[in-house]
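Chain by chain, the residues run as shown.
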Amino acid sequence: MTAAPVPLTSLRAVTRELVAPANLLDQLGPDGVAWLHDGGGFVTSGVAARVEPAAAAGVLAEIEHDDAAGRPGTGPLAVGALPFDPRASRELIVPRRIVGRDAHGRGWVTELGAASSLPPEALLAPTAFTVRELMSHDQWCAAVTAALDAIARGDLEKVVLARAVEVEADHPFDVPTILERLLVEQPGCFVYAVDGMVGASPELLVRRRTLRIECRPMAGTVMATDEAALQRLRASAKDAREHRVVVDAIVESLGPLCERLLVGAEPEVARLASVAHLATPIRGTLHDPAPDALAIARTLHPTPAVGGMPRAAALDAIDALEPTARERYAGPVGWIDARGDGEWAVALRGAAIDGTRATLHAGAGIVAGSVPDDEWRETDAKLEPMMRALTRT
């Protein structure tokens with residue numbers, strides 16, 4: 001049994017330097033959160049409180065904190081995976097115990113109240129799986145065709161359509177095992193596990209460190225990583241157009257928040273395990289006083305990389321054309337600390353896991369020139385990494 005959250009007024013945080021564990025996942029509690037990227041990150045156990053996203057920064061700032069480390073991410077955190085639909089709400093978790101390691105190998109532990117001492121239950125590994133498509137190929141082609149008609153009429157410039165797949169196992173999925181697989185197979189990604197949402201996202205929505213911010217939007221995809229495929233991606237006018245819509249929208253949203261904003265002149269090619277994307281680094285300096293990392297993430301979300309353009313029309317099209325609700329797929333996932341610093345990615349390449357059932361989503365950007373069968377194959381390629389992590393025996 002997990003201890004109940006304690007009243008916010010009684011919370012006190014203590015952070016101390018720690019010899020970083022060789023494997024952070026050894027410290028992951030049965031009800032914990034994981035956030036891992038490029039050799040650093042943190043894992044948690046226990047839940048001290050749950051807070052509304054809009055109140056998170058204020059709640060964290062009010063917690064008494066004895067901090068001997070004093071780095072971004074030390075001290076009390078609020079962590080969450082938010083719904084794709086900005087109108088929907090979901091609370092963030094304030095963990096009881098956080099064990100972290102930065103990119104330089106320095107470790108720390110933060111305690112809020114008594115951490116759970118219960119060991120994780122021993123689980124039988126799943127060995128048999130049933131896979132069910134929640135959107136047929138014919139439904140997909142009809143949806144993409146409807147989107148292309150709207151684009152031809154001038155109602156849309158771009159819309160991202162997603163489809164869902166459900167995997168049922170004979171035993172409950174083991175989240176730490178899945179995270180271990182993702183860390184090995186998806187280098188460079190943000191590997192996360194928050195309240196049943198598990199995955200490895202390649203896309204940084206926003207990172208804030210005091211007044212410095214960074215985004216790395218991705219859009220435009222090729223379903224291979226050999227040099228010939230990368231050259232096709234660099235030369236593709238369709239993918240360049242799809243990517244530019246995303247970059248322009250983010251710059252427009254960040255402009256009023258920043259006194260300085262630097263945008264990469266040309267998109268980079270981000271090579272992942274099975275696909276490659278166009279990516280543009282965006283860095284800026286915020287006006288002082290600055291909004292916190294979560295406020296910035298909520299301002300940006302949903303970018304045209306997961307929604308479309310114009311935003312309202314794209315969201316209406318998604319509601320009309322996708323038969324399965326996205327829930328937290330493609331929403332912001334990440335953390336915020338008491339300083340307002342934080343790191344938020346887009347919840348992609350993941351699954352919502354509930355015992356023996358996992359629901360996966362994958363999407364593709366539809367613009368003029370998109371071909372339904374090509375976009376279906378792209379979603380297959382995006383589903384594959386998480387499907388492999390779930391079903392390996």
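Given the structure is predicted, the values throughout are model-derived calculations rather than measurements.

Undergrad: Looking at this model, I keep getting lost on the overall build of the protein. Mind explaining?
TA: Looking only at helices and strands, one finds 8 helices and 23 strands in the protein. In summary, the protein has a C-alpha radius of gyration of 21 Å against a globular reference of 21 Å for 393 residues, a match within 12%. When the backbone C-alpha atoms are referred to their principal axes, the protein occupies close to 60 × 55 × 40 Å. Split into buried and exposed, the 393 residues of the protein put 54% on the buried side. In the protein, once contacts between residues fewer than 6 apart in sequence are set aside, the share between residues at least 24 apart is 74%. Accessible surface, the protein as shown: approximately 16200 Å² in total, 53% of it carbon and sulfur. Of the charged side chains in the protein, 39 are positive and 53 negative, and the gap between their average positions amounts to 3 Å.

Undergrad: Before we go on, may I ask you to explain the pattern of salt bridges in this structure?
TA: Two side chains bearing opposite charge may form a pair once their charged atoms approach each other closely. This structure, assessed with the given rule, holds 36 salt bridges. The shortest N-O distance in the salt bridge between R339 and D67 comes to 2.9 Å. Of this pair, R339 sits in the loop between β20 (332–337) and β21 (342–346) while D67 is found in strand β4 (residues 64–67), placing the two residues 272 residues apart along the sequence. Given a relative accessible area of 35%, R339 falls into the partly exposed group. Across the pair E111 and R97 runs a salt bridge whose closest N-O atoms are separated by 2.8 Å. Remark: R97 occurs in strand β6 (residues 92–101) and E111 occurs in strand β7 (residues 107–112); sequence separation between them is 14 residues. Exposure remark for R97: the relative accessible area of 22% places this residue in the partly exposed category. One network of salt bridges, in which partners are shared, links R207, R209, E214, R283 and E343.

Undergrad: Would you take a moment to explain the sheet that holds strand β14 (residues 218–222) for this structure?
TA: Sheets are built from strands paired through backbone hydrogen bonds, the pairs being either parallel or antiparallel. Taken in spatial order, the 3 strands line up as β14-β17-β16 in an open sheet, and their pairing is antiparallel. Of all strands in the sheet, those bounded by a partner on one side alone are β14 and β16 (268–271). Averaged over all neighbouring strand pairs, the angle between strand axes comes to 35°, with direction disregarded. Here β14 pairs with strand β17 (residues 276–279) via 3 bridges, running antiparallel. When the bridges of β17 are listed, V222 appears paired with A276. Along the sheet, helix α5 (residues 237–254) contacts β14 and β17; its crossing angle with β14, the most-contacted strand, is approximately 165°.

Undergrad: I tried to follow unusual backbone geometry on my own but got confused; where do I start?
TA: Peptide bonds are trans in most cases, and residues, glycine excluded, mostly fall at negative phi. Following D288, the chain continues to P289 via a peptide bond in cis, the omega torsion being 5°. Structurally, P289 can be placed in the loop between β18 (282–286) and α6 (293–300). P310 follows M309 through a cis peptide bond whose omega is -5°. Residue position: P310 is located in the loop between β19 (308–309) and α7 (311–321). A positive phi angle, near 50°, is found at D38, a position not held by glycine. If you trace the backbone, D38 turns up in the loop between β2 (34–37) and β3 (40–51). The backbone phi angle of E327 is positive, close to 55°, even though this residue is not glycine. With respect to the helices and strands, the residue E327 is situated in the loop between α7 and β20.

Undergrad: How should I be thinking about α7 in this particular structure?
TA: Along an α-helix, a turn takes 3.6 residues, which lines up residues three or four apart on a common side. Buried residues of α7: A314, L315, A317 and I318, and no others. Looking straight down α7, one finds its buried side chains confined to an arc of 160°; they lie on one side. Opposite the buried face of α7, by more than 90 degrees, sit the exposed residues A312, D316 and A320. Packed against the buried residues of α7 are β9 (158–169) and β19.

Undergrad: Teacher, can you tell me more about the packing of aromatic side chains here?
TA: Aromatic ring pairs: the centre-centre distance and the angle between the two ring planes describe each pair. Applying the stated criterion across every chain yields a total of 4 aromatic pairs. Geometrically, the ring pair formed by W140 and W376 is edge-to-face, given 6.3 Å between the ring centres and 65° between the ring planes. With W140 in helix α2 (residues 137–153) and W376 in helix α8 (residues 372–391), the pair connects residues that are 236 residues apart, well separated along the chain. Over the face of the ring belonging to F84 we find R326, whose NZ or CZ atom lies 4.2 Å from the ring centre.

About the thresholds
Residues numbered from 1 in each chain as written. Predicted model: local features only at pLDDT ≥ 70, side-chain atom pairs only at ≥ 80, totals over all residues. Heavy atoms only, no water. Helix = DSSP H or I, 4+ residues; strand = E, 2+ residues; numbered from the N terminus. Rg over C-alpha atoms; globule rule 2.2 N^0.38 Å. Buried < 20%, exposed > 50% of the residue type's maximum accessible area, 1.4 Å probe, protein only. Contact = heavy atoms within 4.5 Å. Areas by Shrake-Rupley, 256 points an atom, 1.4 Å probe, with all protein chains shown as cover. Lys, Arg positive; Asp, Glu negative; His and termini not counted. Charge placed at Lys NZ, Arg CZ, Asp CG, Glu CD. Salt bridge = Lys/Arg side-chain N within 4 Å of Asp/Glu carboxyl O. Pairing = 2+ DSSP bridges. Axes fitted to C-alpha atoms, helices over the stretch in contact; angles between N-to-C directions. Arc of directions from axis to C-beta. Phe/Tyr/Trp six-rings, centres within 6.5 Å; stacked < 30°, edge-to-face > 60°. Lys NZ or Arg CZ within 6 Å of the ring centre and 35° of its normal.

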